[in-house]
Structures are given as structure tokens and as C-alpha cells.
Amino acid sequence: MSTTTAPAQVLHDCRDAWVATLIELAEADPRIVAVVNDSVGSSKLGPFQDRFGQRLVNVGIAEQDMVGVGAGLANGGKVPFVSAAACFLTARAMEQVKVDAAYSQHHMVLVGQSPGMAYGELGPTHHSIEDLAWLRVIPGLTVIAPCDPIETAQALRWAAAHHGPVFIRVARMGVPDVNAADYEFVPGKAVLLRPGSDVTLAATGTAVHRALDAAALLAAEGIDARVLSVPTISPLDTEAFVAAARETAGIVTAEEALTSGLGGAVAEALATRHPAPMRFIGATTFAPTGSVGWLMEHFGITGTGIAAAAKDLLGR
């Protein structure tokens, strides 16, 4: 008797796609520069620095200055990619993100590295679980959380050509390829990864492949789950969620962030259009100190946790 097992998923660091894409863009456009907060290593910008040493500005550990310098470069005709750990880029420099980037509508790309709970044991000071909730309410700022390297590269290319401020999460946590090689990122549009008529699982960033895992678990129990990948938190694909609310019994949102990010955005969108039962998977408070895997299990940001929330919504 022989048995077969499914091949293990190959996991990728989206930061590799980030730096490769930035170099590609910089080779084609001399306006592109990088601005960092003494984070060349953790931003994986070493290859960019080697290739374009005069086009990398390291301001040191001064995130507010970093965003301000990026805005100044944008005002001078450059296209700055401002890269730092997401926790410091957002919390420490929020006023500059609001005023210098969004209010001023500068063409600049804010790159939040290692978001969510990717820093694991370094604890809540280094976790970035609030960023999606904070940033999605800032007018004029596009907020993107890619789910894999393909989408990361596509979002960066789009942001380089978009004449306005953009925030992109770049995951440190290993993720499998979810999108096809010919995938094309469209801002403000959700991606239907799996059709389904019983319940909708909507996820963003590193939670997307876990939502697919959940759908497989639910299918084994006879539950037909729709899976929506939501790369753009703001603007949100409201039409996709209204359709999901009408066509399925309810919606489960999943994110490596506080549930007021994607979850809050979907709830707000549906409240005045088509209210629906919902469940929210994500962080609910400051995360305790622990490994990344343990933290994801702790908050139920797993295939099993998402599936359990869907069954709870369906009353099973």
C-alpha cells in the first residue's frame, strides 16, 4: 500500500520581490530614489545601495524627518520610496504621513516593512497591528497589503506610476504564491480566488493563503466558501462586498492586524448598503510576546481559526 502527501508549500519573503522591483523601476526611471531610517539591512536595500548608491538617502533613526525628506524630494520632481519598519513609519511619523504625503498629495510611496506581528518576540513595540486601521481613514491615501511576491511587485509598479501617495505593506513572514504569474494588480478591486455560495472569507496580506486553507477545510465538511483576496484596503471594493452580502450567508474577514482594519472597513461599507452577519479574525489587543507562528495561532489567524469563525457564523 502506497500513500502520497501534498507537496509542502514554498514560502517566499516579499522583501525580495520589493528590492528586485525597486531596482527594475530605478533602472528605467532616474527620478526614483529610496529614503530609509537606518534600515538598509531590514529593508533588504543592500543591492539597491550597491547599484544606486547616490540615490539612497539614509536619515538615521528619524522617521518623521524621513517622511519629510521624502516629501521634499517628491516636491523636487523625484519619486521617493520611503522604506521603514511599518510600526515606526506609521506610529512615529503619522503627522508627516497625514500632512506631507496625503494632504499635500505628493507622489511618494510609503513602504511599511515587516508589518503585523512579523517581529514576533520583539513584542508590541515592534508589532504593526494598528497601521491598516489608522491609514485607511486618511483621505487621499491608497493603502495596499499584498498577499504574495507577485502582488507585491505589481503593486509597487502601479504605485511608481500613480501620481499620489501610496502606502504598501511588504511582508517579512514567508508566504506562498497565491496569484498566477500573469496576475495584474488593479487598485480598489478585490480578487475572487475561489467561488462559493455559503459564506465569504475575505482576507488581506498574509491572511489570504490562510483563508484558502480555511476554504479547503470547510469544503471537507460540505461548506462552500467564497474566498476574496483584498489587496487594497483603501479604496475598498464595496461592490464585491455588497455582492458577497447578498449572495452568501455572511462574511468573515481575516487580517494580520487589528480587526478594525479590513474588518472595520467592510463593516462600514455594508452598514448603509446591505448589512450582513460578520465575524472578524485578527488581533484584538496588544499581542503578547512570542514567536510569529504562536502569535498567529493565539489570535486564530490560521486556516483552522478562520474556518471555525465561518462555522460559527453559519451556526454549525
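So, how was this worked out
Residues numbered from 1 in each chain as written. Predicted model: local features only at pLDDT ≥ 70, side-chain atom pairs only at ≥ 80, totals over all residues. Heavy atoms only, no water. 1 Å grid on protein atoms, 1.4 Å probe; cavity = no way out; pocket = protein on both sides within 12 Å on 5 of 7 lines; lining within 4 Å. Points joined across faces, edges and corners; volume = space filled by probe spheres on them. Nonpolar A, V, L, I, M, F, W, Y, C, P; charged D, E, K, R; others polar. pLDDT = per-residue confidence, 0-100. Contact = heavy atoms within 4.5 Å. Helix = DSSP H or I, 4+ residues; strand = E, 2+ residues; numbered from the N terminus. Buried < 20%, exposed > 50% of the residue type's maximum accessible area, 1.4 Å probe, protein only. Arc of directions from axis to C-beta.

Q: I would appreciate a short explanation of empty space enclosed by the protein in the present structure.
A: Using a probe with the size of a water molecule, rolled over the atoms, empty space left in the structure can be pinpointed. Under the definition given, this model contains one cavity of 30 Å³ or more. Taken as a whole, the largest cavity holds about 50 Å³ of empty space. If you go around the largest cavity, the residues you meet are Pro115, Ala145, Pro146, Arg169, Ala171, Gly205, Thr206 and Glu256. Per-class residue counts for the lining of the largest cavity are four nonpolar, two polar and two charged.

Q: Just to check I follow, could you spell out the confidence of the model for the chain for this structure?
A: In low-pLDDT segments, the atomic positions of the prediction should not be examined closely. For the chain, the mean per-residue pLDDT works out to 95, and 97% of the residues sit at or above 70. Taken together, the stretch residues 1–7 has pLDDT below 50 and engages in zero contacts with residues farther than four places along the chain or on a different chain.

Q: Looking at this model, I keep getting lost on the side chain of Gln96. Mind explaining?
A: Turning to its location among the elements, Gln96 is positioned in helix H5 (residues 94–103). Beyond its immediate chain neighbours, meaning those up to four positions away, Gln96 contacts Gln64, Val67 and Ala101.

Q: What should I look at first to understand H5 in this one?
A: What H5 keeps buried is the set Gln96, Val97, Ala101 and Ala102. Across the axial projection of H5, the buried residues extend over an arc of 150 degrees, all falling on one side. Exposed and oriented more than 90 degrees from the buried face of H5 are Glu95 and Tyr103.

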